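Analysis of the macromolecular model
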Amino acid sequence: MKRILIISDGKPGHLNQSIAFCKIKNISYDILEVKFKSKILKLLSYAYDKSKFYTDSLFTQYRKYNFDFYDAVVSTGSSTYYFNKFISKKYNIKSIALMLPKSYRYSDFDYIIAQDHDEPPKLPNIVSVPLNLSYTKAKNIINLKEKSIGIIIGGDNDIFKMDIENMRNTLNHIFKSYDGYLKFVTTSRRTPKKIEELLNEYKFDYKLIYSKQPDINPIPDFIKLCEELYITIDSTSMLSEARANSDALISIIELRSKKENTKFHKLAKTVNKIKTKVDLSKLLEDVKI
């Protein structure tokens, strides 16, 4: 039976993509979290990679697995790619990078699964996909079966700023346009408090405020139940999860942007073009473990 070692940088968004890859491929996995000793040593790893020199001395102590046991090593995020290569080369197992590892050499990864919005080069080992990898399964948190609308709210980041009046106008539109529909809403760890307070002005049939209930994730239930999903543009993971797992109509909530034509905008355009769920398993058929 095949098994994958996931290298994690501790960031949930990155780890979730690696786990999704394993679940899409239906292969068991273990997770190993690693961390560079310093930012300077991370920069040094770029030079070491160019010189084809690999060592784990750049990292803090980590759990020692029986690495010969694994068939492949998979990782997502710039803090994982060098260690990914180190394990792959030392133990002669396949190396798979999720997202484009821009600071490292592409040629000696066995596979790179890169999003279209990163405009990856056309190389034999690069598989281009329209969305972030995701895997979702409803948890039956919500048992209401009537026709429904789901609202998934992210928050501020380096590109977007959430405006309370814009969000109020969006919510007013939804409540006016979807009379007779159940309305579900959930927030994220980045949602500003003022937006959380705004939600209290409306009567939702289901409401999850992340800051109050961080251990509950109702998004898989939204994806299963809702005829339409409203999702803020700031989260590539939420947009990808919805489009990869649902035929629902997706309406993107635009936010005030500091820049234009970013990866967020490109992904939003992709999601707008694709009207049905994307079969990621078919896109990854050529990735052999």
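Calculation rules
- Numbers given to residues run from 1 along each chain, matching the order in which its sequence is written.
- Only residues with pLDDT of 70 or above have their local features reported here, since the model is predicted, and side-chain atom pairs are shown and tallied only from 80 upward, although totals for entire chains, interfaces and linings are computed over all residues.
- Hydrogens are left out, water is left out, and the side-chain values use all remaining heavy atoms of the structure.
- Only one rule defines a salt bridge in this text: a Lys or Arg side-chain nitrogen within 4 Å of an Asp or Glu carboxyl oxygen.
- Helix and strand definitions follow DSSP, with helices as H or I runs of at least four residues and strands as E runs of at least two, each counted in order from the N terminus.
- Only protein chains enter the accessibility calculation, which uses a 1.4 Å probe; a residue whose area is less than 20% of its type maximum is buried, one above 50% is exposed, and one in between is partly exposed.
- One less than the number of residues in a helix, times 1.5 Å, gives the span that helix is expected to have.
- Throughout, the arc means the angular range of directions from the helix axis out to the C-beta atoms.
- Every residue pair with non-hydrogen atoms within 4.5 Å of one another is taken to be in contact.
- Pairing between two strands is assigned when DSSP locates at least 2 bridges connecting them.
- Angles run from 0 to 180 degrees between N-to-C directions of axes, and those axes are lines fitted to C-alpha atoms, restricted for helices to the stretch in contact.
- Between 30 and 60 degrees the pair is tilted, below 30 it is stacked and above 60 it is edge-to-face, where a pair is any two Phe, Tyr or Trp rings, Trp via its six-membered ring, whose centres lie within 6.5 Å.

Moving on: the pattern of salt bridges. A complete count under the given rule lists 13 salt bridges for this structure. Notably, a salt bridge pairs Arg 256 with Asp 163, separated by 3.7 Å at the nearest N-O pair. Taken as a pair, Arg 256 in strand 13 (residues 256-257) and Asp 163 in the loop between strand 8 (160-161) and helix 4 (164-177) lie far apart in primary sequence, 93 residues in all. Relative accessible area serves as the criterion here: at 26%, Asp 163 is assigned to the partly exposed category. Here Glu 201 makes a salt bridge to Arg 168, at a shortest N to O gap of 3.3 Å. Linking Glu 201 in the loop between helix 5 (193-199) and strand 10 (206-208) with Arg 168 in helix 4, this pair joins segments that are 33 residues apart in sequence. On the basis of relative accessible area, Glu 201 is assigned to the exposed category, the value being 51%. Overlapping salt bridges bring together Asp 49, Lys 85, Lys 89, Arg 105 and Asp 108 as one network.

What follows is about helix 2 (residues 39-50). For helix 2, built from 12 residues, the straight-helix expectation of 16 Å at 1.5 Å per residue is met to within 8% by its first-to-last C-alpha distance of 18 Å. Every buried residue of helix 2 is accounted for by Lys 42, Ser 45, Tyr 46 and Asp 49. Looking straight down helix 2, one finds that the buried residues subtend no more than 100° of arc, so they occupy a single side. Those residues of helix 2 that are exposed and aimed more than 90 degrees away from the buried face are Ile 40, Leu 43 and Lys 50. Where helix 2 is buried, its residues contact helix 3 (81-91).

To continue, consider the sheet that holds strand 12 (residues 249-253). One open sheet holds the 5 strands; their spatial order is 10-9-7-11-12, and the pairing between them is parallel. If you trace the sheet from one side to the other, it starts and ends with strand 10 and strand 12, each paired once. Going from strand to strand, the sheet's axes swing by 15° on average, the running direction of each strand aside. In terms of strand pairing, strand 7 (residues 148-152) meets strand 11 (residues 228-232) through 4 bridges, oriented parallel. Following the sheet pairing, Ile 151 is matched in strand 11 by Tyr 230.

Inspection of every chain in the model, using the stated rule, returns 23 aromatic pairs. Between the aromatic rings of Phe 175 and Tyr 202, the centroid separation amounts to 5.2 Å while the plane-to-plane angle is 40°, which identifies the pairing as tilted. With a gap of 27 residues between them, Phe 175 in helix 4 and Tyr 202 in the loop between helix 5 and strand 10 connect regions that are remote in the sequence. Given the relative accessible area of 13%, Tyr 202 is considered buried. Ring centres of Tyr 206 and Phe 222 lie 6.2 Å apart, and the angle between their planes is 85°; on these two criteria the pair is classed as edge-to-face. Note that Tyr 206 is positioned in strand 10 and Phe 222 in helix 6 (residues 219-225), a separation of 16 residues in sequence.

Before going further, it helps to spend a moment on the sheet that holds strand 1 (residues 3-8). Strand pairing in a sheet relies on backbone hydrogen bonds, with the paired strands running either antiparallel or parallel. A sheet is described by the order of its strands in space; here 6 strands give the open sequence 2-1-3-4-5-6, paired in parallel fashion. What marks the edges here is a single partner per strand, and that holds for strand 2 (28-33) and strand 6 (126-129). Here the average twist between neighbouring strands, direction ignored, is 20°. When strand 3 (residues 72-76) meets strand 4 (residues 94-98), the two strands line up parallel, connected through 5 bridges. Considered in strand 4, the bridge of Val 74 is made with Ile 96. With respect to the sheet, helix 1 (residues 12-24) is in contact with strand 1, strand 2, strand 3, strand 4 and strand 5 (111-115), its orientation differing from that of strand 1 by roughly 170°. Docked against the sheet, helix 3 engages strand 1, strand 2, strand 3 and strand 4, running at close to 175° with respect to strand 3.

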